[in-house]
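# Coordinates in review
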Amino acid sequence: MNDQLNPEEREILEKFERGELRRAAEAECEIEAARIAARNTPRKALHSRRSAGPRTRRDEAR
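Remember, it's a predicted structure, so these values are computed and weren't measured experimentally.

### Description of a nonpolar patch on the surface
A cluster of nonpolar side chains, Ile12, Phe16 and Leu21, forms an exposed patch at the surface whose accessible area comes to about 250 Å². Relative accessible area serves as the criterion here: at 37%, Phe16 is assigned to the partly exposed category.

### A word on the environment of Phe16
The topology assignment puts Phe16 in helix 1 (residues 7-17). Ignoring any residue separated from it by four or fewer positions in sequence, one finds Phe16 in contact with Leu21, Arg22 and Arg23.

### Quick word on helix 1
Between a side-chain oxygen at the N-terminus of helix 1 and the backbone nitrogen of Glu8 the separation is 3.0 Å; the capping residue is Asn6. Of the residues flanking the end of helix 1, it is Gly19, one or two places downstream, whose phi is positive at about 90 degrees.

The rules we used
- Residues numbered from 1 in each chain as written.
- Predicted model: local features only at pLDDT ≥ 70, side-chain atom pairs only at ≥ 80, totals over all residues.
- Heavy atoms only, no water.
- Patch = residues over 30% accessible without salt bridge, like charges linked within 9 Å, V, L, I, M, F, W, Y side chains within 5 Å.
- Areas by Shrake-Rupley, 256 points an atom, 1.4 Å probe, with all protein chains shown as cover.
- Salt bridge = Lys/Arg side-chain N within 4 Å of Asp/Glu carboxyl O.
- Buried < 20%, exposed > 50% of the residue type's maximum accessible area, 1.4 Å probe, protein only.
- Helix = DSSP H or I, 4+ residues; strand = E, 2+ residues; numbered from the N terminus.
- Contact = heavy atoms within 4.5 Å.
- Polar contact = N/O pair within 3.5 Å; in protein donor to acceptor, adjacent residues only side chain to side chain.

Structure below.
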């Protein structure tokens, strides 16, 4: 599983294993709240952030 982590996730795991980070007391509640918030986030809002790049000629024709 460690091979599938991106560099940021690997750094966090390594810090946790070295004892530099501690498990949050209410981590499970926060994780579940984040999952609920993610499910309730409209998909259009997520996609609109991705399309905020430079405009193209095709965009201008609309």
